[in-house]
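Each chain, written out:
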Amino acid sequence: MAAELGERSREEDVATRVEAADASPDQVSMLVELMRERHPVYRGRSTNATIRMRGYAMAAFERVGLPEPALLYALEELESGREPYLVAAAAKALRGLIRRERRLVPFLLRAIDNVRYHDDMVTFERYLPTWPAESPTTALAEVFRTLGWLGPNAALALPRLTDFKAIQLPPVTRAALTRAISEIQTDGVPEESSCCRRADPRPFGILGRSEPVAASGAPPMSARFEDQDGLRLTYRDFFSGRPSVVVFFYTRCTNPNKCSLTITKLAELQKQTAQLGLSESVRTAAITYDPDFDLPPRLRAYGDNRGVVFADDHRLLRATRGFDAIATYFELGVNYGPAAVNQHRIEAFVLDDNGRITTSFTRLQWDVRQILDEAIAAPADGRRSGRGRSELFGAAGTD
Amino acid sequence: MDVSEYRRRTNQQVAAAAKRTRQEAPRNLKAASATLERREAPEGARIAAVRAMGRDIRRRPTLIDRLIALLADGSESAKLRLEALDVLQGATFLVQTFAAKRPQYLEALRSIMDDPDRDLRRRVIGALAREKDEYVHRRLLEGLEKPSKALVPPAKAIQFLGYDVHADYFPLLRRIVEQPPTASAQREAIRVLAADPKSRPLLTKILGDKDQPSGVRYMSALALQSLAPTQFEGIARKIALDNREDHRLRAASLTALAQYTEPQATASQRAFTRRVEKLGERASSPDVKRATKAYMARVRG
Amino acid sequence: MDARLTINGGPNASTAYVGWAPVPAQLSLVDPLSPGPVEVTVRNQEPQTGGRIVFALAGSPSSEPALPVTVPPDGSPVDLLIAGQFGSPSTADGDTAVEVVRQATGELLVATRLMVRVRKDADTLTTAERDRFLSALAGLNDRGMGAYSDYPNIHTSAGSPEAHDNPGFLPWHRAFLLDLERELQAIDPSVSLHYWRFDEPGPNVFTRGFMGVPAANGLLQFAATNPLQFWATASLPGIVRRPLFNVATEPASVSDEATTLALGGSGHRYVGLRDMEGDPHGFAHTSFTGFIRSIGTAANDPLFFMLHANADRLWAKWQWLHRRFDLTSASTFTPLGAFGSPGAARIGHNLDDTMWPWNQVVGGDRPATAPGGNFPPSLLTAAPGPIPTVGALIDYQGVRTPGSRLGFDYDDVPFEAS
């Protein structure tokens with residue numbers, strides 16, 4: 001049996017394992033494991049290397065079949081990814097599904113928006129290719145191919161695809177587009193039952209808050225933070241006494257669909273919380289993945305630029321001690337190169353007034369209103385305030 | 001100034017320019033395309049033709065295809081291909097128009113990374129590096145590790161790699177700082193280490209080591225200043241007042257303190273400011289004198 | 001007897017800035033002790049130094065360096081217009097003053113310090129002007145930790161269809177520049193966003209004391225007292241920029257000013273002028289190697305803003321030359337109307353569309369996030385408002401609608417009433 005893939009594995013060896021993978025359960029589970037950001041194989045690598053490795057493994061699902069536990073990773077990439085190689089890989093991965101479901105279509109349409117202005121030639125023919133490469137493709141071409149593969153189930157995408165006919169495209173993308181349109185228009189019965197004519201705008205609802213974080217162990221109460229103004233406090237200081245919403249981010253993130261959007265949504269969450277008169281009932285915080293670099297002025301500028309209104313109960317934080325305990329408790333989906341984060345998922349949590357996770361929202365984009373509702377419903381600590389959910393509303397009403 | 005006379009004069013200039021534009025053959029797209037296709041035409045005329053095509057890209061995106069082909073054509077002169085590269089790179093600012101051609105453009109750039117012409121190679125690599133291209137990263141790293149495979153000098157390679165700090169080259173850069181292939185590579189390595197919080201001790205050590213060359217210490221100061229500003233301020237105060245220190249470093253320290261600290265905010269800062277004031281009277285270096293003067297001007301608001 | 005002069009609606013120094021476009025001022029008597037109206041002269045300070053000012057009674061077409069005014073005795077104000085005299089800007093904060101002198105006695109009733117503050121050709125700045133500009137830029141950047149990070153975050157591939165390759169290219173960048181200028185002025189109100197004339201040599205711009213001189217590897221070197229040496233973006237200190245032309249003797253590889261101004265054709269139409277997005281704008285970017293050459297890194301170089309200020313100046317000059325301030329004319333801007341109407345361009349590029357990121361609209365046809373928030377306000381004018389439309393950036397001097405004045409001017413583009 002081959003050695004475990006780990007921190008010391010060579011990239012080429014990982015690629016060889018991916019190439020050799022077949023549809024057997026242990027091989028497929030090896031590939032699924034490679035989807036996790038925290039996999040040790042990504043430790044110490046560059047972002048480019050994680051894109052190569054993860055993308056190469058993801059694309060292999062087209063060949064070996066995409067199991068349900070891996071579907072979420074592909075959808076996440078289509079919804080929020082901006083790297084042409086990973087988006088192409090995710091589109092390929094969907095073609096490893098058994099059922100051609102129309103609920104995939106919104107994710108593919110989102111992917112088109114994400115990459116259309118900065119697409120690139122990519123190739124999955126071999127790992128670490130040299131250029132010019134044989135039979136390169138593009139992210140858009142792979143998304144179009146997957147829409148074509150969905151056939152009549154992708155009818156929802158036809159207007160968008162038709163718009164693209166008028167636009168100049170690279171030959172490989174153009175060919176995929178033309179074929180996709182004809183495959184979708186093919187007379188045939190959609191494989192799905194006729195009960196659901198429209199695509200659910202929040203498909204995979206159950207996955208929307210997916211990858212439930214086990215929250216085993218105790219919250220990292222003694223972790224220490226510094227906030228955007230350089231004020232020092234502990235996890236216990238901030239996260240106990242009231243329920244809170246906490247999100248993770250870092251200022252050097254280059255994907256606007258991830259950290260920039262997360263903080264923008266946090267600001268929106270604060271606004272809605274204030275509109276409900278709950279600003280003092282629900283705390284909000286964003287904790288950086290990159291505490292040694294994200295010094296207070298960087299946190300402040302990043303928050304200010306995205307509409308965050310700072311207050312005692314609303315802060316951006318960097319851990320000055322105990323970040324590992326935080327990462328463990330929240331099972332953070334993040335990994336690091338030598339100097340910076342190399343990849344991460346989207347993650348937000350609702351905590352009760354004891355700093356314990358009550359709900360987690362990971363990978364797919366979270367909805368501001370949904371997370372706010374969860375925070376309002378978060379169990380209160382009887383010993384401390386004795387306030388339950390209704391009292392929270394009551395308190396808000398008298399503010 | 002007489003505004004109506006100014007208007008008359010400006011109108012005249014514009015009218016003359018409009019006439020000139022109409023008469024200039026290279027601005028006529030058809031003529032320009034024909035000139036480009038005539039390989040025997042003078043190089044200057046063909047370069048002007050490429051530029052003229054560049055002006056029309058938004059209206060005729062298919063011109064991009066011709067220019068990409070020219071860029072990739074190793075049988076054409078490097079000067080002409082450089083012109084095509086500049087025009088295409090300018091067209092990347094036309095995001096929507098260029099989107100359709102971007103994959104082929106990047107593919108072409110990757111395919112000519114090894115071009116024998118030094119300027120073309122560098123500009124191609126620079127364009128890809130700013131896109132954080134994974135292939136150019138691999139090639140640049142390979143060149144740093146095996147000099148026989150280097151596409152550009154080590155300092156330039158490090159600079160290009162620095163466009164992407166989500167990288168794994170930091171241990172390599174620390175080695176380069178310790179055993180630099182060139183002085184310039186050492187300075188660039190230090191600059192890029194500013195992205196790495198773990199390099200703070202190394203940067204601090206270099207800045208405090210008077211045996212290091214002045215340029216190397218200066219670069220460490222810049223790196224620390226952005227990585228660990230508070231720590232830097234303490235060191236900068238010591239350097240500023242030490243008259244055995246390098247002049248340039250002292251002046252830079254004073255300039256940084258003037259720009260980024262409140263000289264009168266605390267008792268210790270006021271004490272420091274009093275010492276700077278005295279320094280101005282004694283300093284022999286013109287740079288230190290100027291920096292002292294600027295510092296004191298800041299104090300006086 | 002005392003008089004009170006309020007400029008731009010404010011009684012204090014923070015509003016005492018004018019360009020070429022006239023701004024409202026009010027003159028009234030305080031504690032007049034006079035049975036009848038008082039005859040005064042509103043004039044430049046004597047002896048005359050610094051920027052020069054001209055005055056007019058509200059509604060009057062002609063303005064003068066000294067204006068006789070009759071002020072009512074009951075303390076009610078007289079409405080005036082004050083503007084800088086074209087060609088005579090200030091070089092320092094409050095380097096000039098408005099004096100109100102009683103004609104009968106020669107008594108000085110009030111003197112209000114003022115700055116005629118305009119964007120200037122960067123090659124012509126005094127050392128002090130240059131240094132204030134650099135210090136404000138370096139302050140905003142704050143070694144890579146300050147609010148400047150906002151600007152490169154906005155000017156990325158994700159946001160770029162909002163700003164480029166469409167009719168709104170010029171108005172969007174005008175807003176982007178003004179946003180930065182207002183942030184600089186919050187640090188030092190005497191600073192303007194000066195421009196680099198890319199069609200002329202810039203021997204005083206590309207120096208160690210100003211925008212830097214490249215070392216052999218393209219990394220800029222600065223004078224010991226130049227705070228730009230601490231500039232940092234994208235985690236790293238320093239700026240990489242090497243000109244591909246001789247900065248001391250040659251312009252960048254771009255069309256000259258007159259050729260650019262002729263792009264509107266004989267009908268002087270915006271649809272033609274818009275070609276300047278390629279030449280000179282795009283060609284100016286690619287006249288260098290380094291940051292400024294790619295869209296994702298261009299705004300990491302502060303020269304970006306000086307380059308764009310010049311592109312904006314060319315538009316402003318064309319607007320003045322051909323009186324293109326009428327928002328109902330397709331020659332001023334095309335397309336008129338809003339997104340969704342017939343003939344409309346991409347959203348954000350039609351006259352009545354609001355502009356990202358200031359409108360904070362995200363998702364759908366707009367980018368996923370909108371860093372930077374609403375448009376920053378100014379003490380000098382309410383325009384363009386927190387959520388500017390494309391149209392709000394066009395009549396920047398208030399030629400047609402005084403309320404649309406944006407509070408900036410260029411040294412070589414005069415104000416002329418329509």
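Keep in mind that this is a model prediction, so the values were computed, not measured.

Novice: Which parts of the structure should I look at to understand the interface of chain B and chain A?
Specialist: Contact with chain B, which involves 36 residues of that partner, is made by 34 residues of chain A. Contact between chain B and chain A buries roughly 2900 Å² in total, counting both sides, with carbon and sulfur atoms accounting for 55%. For the pair chain B and chain A, the number of links is two salt bridges. A salt bridge links A:Arg52 to B:Glu134; the nearest nitrogen and oxygen atoms lie 2.6 Å apart. One can count 15 residue pairs in polar contact (both at pLDDT 80 or more) joining chain B with chain A. The set of elements that each furnish at least two residues to the side of chain B that touches chain A consists of α6 (95–99), α7 (102–111), α9 (134–145), α11 (170–178) and α14 (214–227) of chain B. For the side of chain B that touches chain A, the element with the highest residue contribution is α7(B), accounting for seven residues. Of the residues contributing to the side of chain B that touches chain A, the split by class is 16 nonpolar, seven polar and 13 charged.

Novice: I would appreciate a short explanation of the nonpolar core in the present structure.
Specialist: Most often, soluble globular proteins have nonpolar side chains that are buried together. Core analysis: the biggest nonpolar cluster contains 229 residues, and C:Leu27, C:Ile82 and C:Trp196 have the highest contact counts within it. Here this core gets 13 residues from one element, more than from any other, and that element is helix α7 (residues 303–321) of chain C. Excluding residues that lie within four positions of it along the chain, C:Ile82 makes contacts with C:Ile7, C:Val18, C:Ala21, C:Pro22, C:Val23, C:Ala25, C:Ile53, C:Val54, C:Phe55, C:Val98 and C:Leu114. Grouped together as the second largest cluster of nonpolar side chains are 72 residues, A:Val14, A:Met30, A:Ala176 and A:Ala180 included.

Novice: Whenever I open this one, helix α16 (residues 247–260) of chain B confuses me. Can you help?
Specialist: Because each turn of an α-helix spans 3.6 residues, side chains separated by three or four positions end up pointing in the same direction. End to end, α16(B) covers 20 Å across 14 residues, agreeing with the expected 20 Å (1.5 Å per residue, within 8%). Summarising burial for α16(B): 12 of the 14 residues are buried, a large majority. When α16(B) is considered as a whole, its buried residues turn out to be B:Leu249, B:Arg250, B:Ala251, B:Ala252, B:Ser253, B:Leu254, B:Thr255, B:Ala256, B:Leu257, B:Ala258, B:Gln259 and B:Tyr260. In this structure, the buried residues of α16(B) make contact with α13 (200–208), α14, α15 (229–241), α17 (267–282) and α18 (286–299) of chain B together with α1 (127–141) of chain C. Looking at where α16(B) begins, the residue whose side-chain oxygen comes 3.2 Å from the main-chain nitrogen of B:Arg248 is B:Asp246.

Novice: Honestly, the domain arrangement of chain A in this entry has me stumped. Any pointers?
Specialist: A common way to report how large an interface is uses the accessible area buried once the components associate. All names here are of chain A. Here the domain parsing of chain A yields domain 1 (11–188) and domain 2 (215–398). The partner domain 2 presents 21 residues to the 22 residues of domain 1 that form the contact. Here domain 1 meets domain 2 over a buried area of about 1700 Å², counting both sides, of which 45% is carbon and sulfur. Applying the counting rule to domain 1 against domain 2 returns two salt bridges. Across the salt bridge formed by Glu76 and Arg363, the nearest N and O atoms sit 2.8 Å from each other. Taken together, domain 1 and domain 2 are joined by 14 residue pairs in polar contact (both at pLDDT 80 or more). Listed by contribution, the elements that provide at least two residues to the side of domain 1 that touches domain 2 are α3 (47–59), α5 (68–80) and α7 (105–115). Considering each element in turn, the side of domain 1 that touches domain 2 owes the most residues, six residues, to α5.

Novice: Just to check I follow, could you spell out the sheet that holds strand β10 (residues 347–351) of chain A for this structure?
Specialist: One key point about sheets: their strands pair by backbone hydrogen bonds, in either a parallel or an antiparallel sense. Residues and elements named next belong to chain A. In space, the seven strands of this open sheet follow the order β4-β3-β7-β6-β5-β10-β11, with mixed pairing throughout. Single-partner strands in this sheet number two, and they are β4 (232–234) and β11 (357–362). Between one strand and the next, the sheet's axes are offset by a mean angle of 30°, whatever the strand orientation. As paired elements, strand β5 (residues 244–249) and β10 share four bridges and run antiparallel to each other. Note that in β10 the partner of Ser244 across the bridge is Leu351. Against the sheet, helix α13 (residues 256–275) touches β5, β6 (283–288) and β7 (314–321), its axis set at about 160° to β5.

About the cut-offs
Residues numbered from 1 in each chain as written. Chains lettered and ligands numbered in written order. Predicted model: local features only at pLDDT ≥ 70, side-chain atom pairs only at ≥ 80, totals over all residues. Heavy atoms only, no water. Contact = heavy atoms within 4.5 Å. Buried area = accessible area lost by both parts, 1.4 Å probe. Salt bridge = Lys/Arg side-chain N within 4 Å of Asp/Glu carboxyl O. Polar contact = N/O pair within 3.5 Å; in protein donor to acceptor, adjacent residues only side chain to side chain. Helix = DSSP H or I, 4+ residues; strand = E, 2+ residues; numbered from the N terminus. Nonpolar A, V, L, I, M, F, W, Y, C, P; charged D, E, K, R; others polar. Core = buried A, V, L, I, M, F, W, Y, C linked by side-chain atoms within 4.5 Å. Buried < 20%, exposed > 50% of the residue type's maximum accessible area, 1.4 Å probe, protein only. Expected span 1.5 Å × (residues − 1). Domains from an automatic or database assignment. Pairing = 2+ DSSP bridges. Axes fitted to C-alpha atoms, helices over the stretch in contact; angles between N-to-C directions.

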